[in-house]
Amino acid sequence: MSNENPITGDQILRVGPVNPAVAAILNDEFQAAVLPGADDRDAWLEEHGAGIRVAVCSGKIGVDTKLLEKLPYLEAIVNFGVGYDATDVAQAKERGIPLSNTPDVLTDCVADTALGLYLDTLRRLSAAERFVRAGTWASGQNFPLATKASGRKVGILGLGRIGQAIADRLEGFGCEIHYHSRNPKQDVQYPYHASARDLAAATEVLIVAAAGGPDSAGLVNADVIEAVGPEGFIINIARGSVIDEPALIRALQEGTLAGAGLDVFANEPEVPAELLELDSVVLLPHLGSGTVETRADMTAVTIGNLRSFLKDRTLLTPIY
Ligand code: 8YV
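Model, not experiment: these values are computed from the prediction. (Residues numbered from 1 in each chain as written. Predicted model: local features only at pLDDT ≥ 70, side-chain atom pairs only at ≥ 80, totals over all residues. Heavy atoms only, no water.)

J.: So what's going on with the pairing of strand S8 (residues 205-208)? Residues and values would help.
T.: Along S8, one buried face is formed by Val205 and Ile207 and the opposite face, lined by Leu206 and Val208, is buried too. Pairing of strand S6 (residues 153-157) with S8, which is carried by four bridges, proceeds in the parallel orientation. Across the sheet, Leu157 pairs through a bridge with Val208, a residue of S8. Inspection of the sheet shows S8 paired to strand S9 (residues 233-236) by four bridges, in the parallel sense. Residue Val208 lies in a different strand from S9, and its bridge partner there is Asn236. (Buried < 20%, exposed > 50% of the residue type's maximum accessible area, 1.4 Å probe, protein only. Helix = DSSP H or I, 4+ residues; strand = E, 2+ residues; numbered from the N terminus. Pairing = 2+ DSSP bridges.)

What follows is the structure, given as structure tokens:
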């Protein structure tokens, strides 16, 4: 099949900045096309869109509805990242365009990040670090007491690969794990709760590990946040869209939620000014998978999918 109608470099489109290593391979080895910025995009797509057969994108900037419509002969989407909510999956599926992601290789690093946020938010480590740097400790003051992190009841929202890896780590901290996901999992001993609200009401810390996209948008709403409560915490390493961000900000400002640790936001890289002003939150720049080792593994899976598709029109890690 591939021999009959081989895909050439100019028929591969890089969407968004992607990882530098992926960008370098796409450029040096494949001489792939690069989607121009907003100003020149429409004109470029008008001229070249119909020639594009494979798109390589990232979890942050995907092949959205409008772009997909301008790529009428697209045959595959190769996504750098495990999450693919920035891509219009419904349209891709409907048009029979396969989509791959980079599962498994980033599970450990994202779970490690969740644990880092968990410890930092409850023990207020970053706030304490700011306290030292500001000279407040040296001036004779003591840092206020924080919240014990070991032995807590923790609710995992979305017990997929990453959620399970977070649970494994928290077991080492003597935590009692509960979970909610679309369906109860076979072979999982943790108590299952039928809704996000029930999970929040039964636990002290809610860790969001659910996939993004239309199904989970706003799942952690004002009601769920209220159930986490004034002594409770929310950690999010999934997608900003899963939480009602204005409701989260209100709860933090009013003290109806004790604190939050966030690696992801609704409108990245914008972080709401209200959050920047709060000392009860830990804010990270979406670095969950951001280690040299994991990004190299993600690059290998991404390029592996591309090569495989060029060779025999199959993807190594397809979503569907
Ligand atoms: C990446 C991520 O930073 O895998 C994901 O879904 O959110 C992160 O690992 C992102 O996809 C890279 O753009």
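J.: Residues and numbers for the pattern of salt bridges, please.
T.: In total, this model carries 15 salt bridges according to the counting rule given. Arg124 serves as the salt-bridge partner of Asp279, at 3.3 Å between the closest nitrogen and oxygen. With a gap of 155 residues between them, Asp279 in the loop between helix H11 (273-276) and strand S11 (281-283) and Arg124 in the loop between helix H5 (107-123) and helix H6 (125-133) connect regions that are remote in the sequence. Among the residues examined, Asp279 registers a relative accessible area of 42% and is labelled partly exposed. Three or more residues are tied together by salt bridges with common partners; here these are Arg53, Glu75 and Arg313. (Salt bridge = Lys/Arg side-chain N within 4 Å of Asp/Glu carboxyl O.)

J.: So, the packing of aromatic side chains: which residues are in play, and what are the values?
T.: Applying the stated criterion to the full structure yields two aromatic pairs. A ring pair is formed by Phe131 and Phe143, whose centres lie 5.2 Å apart and whose planes are at 70 degrees; its orientation type is edge-to-face. In this pair, Phe131 sits in helix H6 while Phe143 sits in the loop between H6 and S6, placing the two residues 12 residues apart along the sequence. Here Phe131 falls in the buried class, since its relative accessible area comes to 12%. (Phe/Tyr/Trp six-rings, centres within 6.5 Å; stacked < 30°, edge-to-face > 60°.)

J.: So what's going on with the domain arrangement of the protein chain? Which residues, and what values?
T.: Here the protein chain is partitioned into domain 1 (9-103 + 293-312) and domain 2 (107-283). On a C-alpha basis, the centres of domain 1 and domain 2 stand 32 Å from each other. Contacts between the two partners involve seven residues from domain 1 and, on the opposite side, seven residues from domain 2. Looking only at domain 1, the three residues that lose the most surface to domain 2 are Asp85, Pro103 and Thr294, adding up to 66% of its buried area. Put simply, domain 1 and domain 2 have one salt bridge between them. Of the charged contacts, one joins Arg239 and Asp85 as a salt bridge, the two residues approaching to 2.8 Å between their closest N and O atoms. At the junction of domain 1 with domain 2, the criterion picks out one residue pair in polar contact (both at pLDDT 80 or more). Residue composition of the side of domain 1 that touches domain 2, by class: two nonpolar, three polar and two charged. (Domains from an automatic or database assignment. Contact = heavy atoms within 4.5 Å. Buried area = accessible area lost by both parts, 1.4 Å probe. Polar contact = N/O pair within 3.5 Å; in protein donor to acceptor, adjacent residues only side chain to side chain. Nonpolar A, V, L, I, M, F, W, Y, C, P; charged D, E, K, R; others polar.)

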